[in-house]
Amino acid sequence: MAKPSLAEHLNWHVKQRLHRRLARRVLRTPPIAGRDDGVILFSMIGTAVLLPYLVAVKSLAQRLSRGRVVILDDGTLTADDKAVLAHHLNDPRIIPIGDVDTGPCPRGGTWERLLTILDLRADAYVIQVDSDTVTLGDLAEVRAAIDAGRDFTLRGEAGVEIRTASHIARDRAGVDPRAPGLHVQDAAEAAIGSVELARPGELHYVRGCSGFAGFAPGGPGRELAEGFSQAMDVAIGRDRWSRWGSEQVTSNFVVANGHDPLLLPYDRYLNFWNAALFGRSHFATDPAFVHFIGTYRFHGDAYLAATRTAIDRLG
């Protein structure tokens, strides 16, 4: 990927300030009603993303009409932040990141988030939602997945499907998982054929996106994630496995090996790569849910437009 020009860099920061100013309007919207219905809306956040997070979770709660909020504090939430969250989100449970035991898995890189989700799913349906997402339409597929006890995930890109580990291994034959410069996801996929875990059936994997994923109650827990992590320690090395992205690989692996997992239709649940636009702020499809990837978040006016629409609908 080409390095952004100075003009592009400055434009990104201007858009970021505009978005922060716009997102403050969410503080004037009504609080959500928490529902003790077996569904948890879960995120790891800090003070820097408080406002976009409120847009993300309140727009999700409005369209889903289910769930109570649980938050993992990345260690930066202030007393004022927690008061805002208590008012807007019906006094959610806030878990300090330091309280999360990662066991044999890496620390950091959102591993605490995934492992907390796998603990919470013992008796609840847990939906992980990133702060850089906006819900714009009806979430019928998500509600159906909850009702059927199915895991779900946002696809990384259109056309992604769940595949067996052996098929992926054949595709990656000849790729050295320890080759210098190889991204952790590519390294893990090159090594996945060597993973052996004490569970029946063939292992599966999907190139999903952990920015929006659902974990049905009673599904695979810490044991699967820890076993996979330890296998990757051996296969690609602990240093590489500890890099950013290994948690998403593991989230994808856990979902793919869950009960009848659902890959959300990409025309309605998508990642914004700056290629889905007709003009400056209109999508080529009519999405229900958009994840605004960091690199492209402020390209055009799509994130601004989606945030404005969501806040207007919140009242």
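Attention here is on the structure that accompanies the text. Values in this document were obtained by computation on a predicted structure and should not be read as measured data.

Cut-offs and rules
- Residues numbered from 1 in each chain as written.
- Predicted model: local features only at pLDDT ≥ 70, side-chain atom pairs only at ≥ 80, totals over all residues.
- Heavy atoms only, no water.
- Helix = DSSP H or I, 4+ residues; strand = E, 2+ residues; numbered from the N terminus.
- Rg over C-alpha atoms; globule rule 2.2 N^0.38 Å.
- Contact = heavy atoms within 4.5 Å.
- Areas by Shrake-Rupley, 256 points an atom, 1.4 Å probe, with all protein chains shown as cover.
- Lys, Arg positive; Asp, Glu negative; His and termini not counted.
- Charge placed at Lys NZ, Arg CZ, Asp CG, Glu CD.
- Buried < 20%, exposed > 50% of the residue type's maximum accessible area, 1.4 Å probe, protein only.
- Axes fitted to C-alpha atoms, helices over the stretch in contact; angles between N-to-C directions.
- Nonpolar A, V, L, I, M, F, W, Y, C, P; charged D, E, K, R; others polar.
- Core = buried A, V, L, I, M, F, W, Y, C linked by side-chain atoms within 4.5 Å.
- Salt bridge = Lys/Arg side-chain N within 4 Å of Asp/Glu carboxyl O.
- Disulfide = S-S within 2.5 Å.
- 1 Å grid on protein atoms, 1.4 Å probe; cavity = no way out; pocket = protein on both sides within 12 Å on 5 of 7 lines; lining within 4 Å.
- Points joined across faces, edges and corners; volume = space filled by probe spheres on them.
- Pairing = 2+ DSSP bridges.
- Polar contact = N/O pair within 3.5 Å; in protein donor to acceptor, adjacent residues only side chain to side chain.

**Structural notes on the overall build of the protein**
In terms of helices and strands, the protein carries 11 helices and 14 strands. Against the globule reference of 20 Å for 315 residues, the protein gives a C-alpha radius of gyration of 19 Å, in line with a compact fold. Of the contacts made within the protein by residues no fewer than 6 positions apart, 80% connect residues no fewer than 24 positions apart. Approximately 13900 Å² of the protein is accessible, and the part contributed by carbon and sulfur atoms is 51%. Averaging the positions of the 36 positive and the 37 negative side-chain charges in the protein gives two centres separated by 7 Å.

**Details of helix α7 (residues 184-191)**
In an α-helix, one full turn covers 3.6 residues, which means residues spaced three or four apart are oriented alike. The element α7 is largely enclosed, with a buried count of seven among its eight residues. All of the buried residues in α7 are V184, Q185, A187, A188, E189, A190 and A191. Contacts from the buried residues of α7 go to α6 (165-171), β8 (204-205), α8 (222-236), α9 (238-241) and α10 (246-256).

**Points about the packing of helix α4 (residues 111-120) against α8**
Between α4 and α8, whose axes approach to 9 Å, the crossing angle comes to 145°. Where α4 approaches α8, its residues W111, L115, L118 and D119 are matched on the opposing element by R222, A225 and S229. In terms of residue class, the contact of α4 with α8 is built from four nonpolar, one polar and two charged.

**Quick look at the nonpolar core**
Membership of the largest hydrophobic core comes to 54 residues, with the highest contact counts inside it found for I127, V142 and F212. Per-element tally for this core: the top contributor is helix α2 (residues 50-64), with nine residues. If sequence neighbours within four positions are ignored, I127 has contacts with V39, I40, L41, F42, L60, L64, V142, I146, F152, F212, A213 and G214. Core analysis: the second largest hydrophobic core is formed by 40 residues, V70, A188, A191 and A231 among them.

**A word on the pattern of salt bridges**
Within this structure, the stated rule accounts for 21 salt bridges. Here R25 ties to D312 by a salt bridge, and the two come within 2.4 Å at their closest N and O atoms. Residue R25 is located in the loop between α1 (6-23) and β1 (39-45), and its partner D312 is located in helix α11 (residues 302-314); the two are separated by 287 residues in the primary sequence. Connected via shared salt-bridge partners are R172, D186, E189 and R207.

**Comments concerning the state of the cysteines**
What the rule picks out here adds up to zero disulfides. C105 takes part in no disulfide bond, and the closest cysteine sulfur, belonging to C209, lies 20 Å away. On the basis of relative accessible area, C209 is assigned to the buried category, the value being 6%.

**As for the layout of surface pockets**
Taken as a whole, the largest pocket holds about 1300 Å³ of empty space. In terms of lining, the largest pocket is formed by 44 residues, of which the most central are D130, D132, W244, H291 and I293. Split into classes, the residues belonging to the lining of the largest pocket amount to 16 nonpolar, 18 polar and 10 charged.

**Remarks on the sheet that holds strand β6 (residues 152-155)**
Taken in spatial order, the seven strands of this open sheet run β3-β2-β1-β4-β9-β6-β10, and their pairing is mixed. The outermost strands of the open sheet, each flanked by one partner alone, are β3 (93-96) and β10 (262-263). Both strand β4 (residues 125-129) and strand β9 (residues 208-215) contribute to a ladder of four bridges, which runs antiparallel. From the neighbouring strand, Q128 faces β9, where its bridge partner is A213. Against the sheet, α4 contacts β1, β2 (68-73), β3, β4 and β9, and its axis sits at roughly 165° relative to β1. Across the sheet, α10 touches β6 and β9, and the angle it forms with β9 is around 45°.

**Comments concerning the side chain of T250**
Inspection of the secondary structure assignment puts T250 in helix α10. The class for T250 is buried, based on a relative accessible area of 0%. A polar contact of 2.9 Å, which involves the side chain of T250, links it to the backbone oxygen of S246.

**Points about the side chain of D132**
Relative to the helices and strands, D132 resides in the loop between β4 and β5 (133-135). Within the structure, the side chain of D132 is placed 2.8 Å from the side chain of R297, a separation counted as a polar contact.

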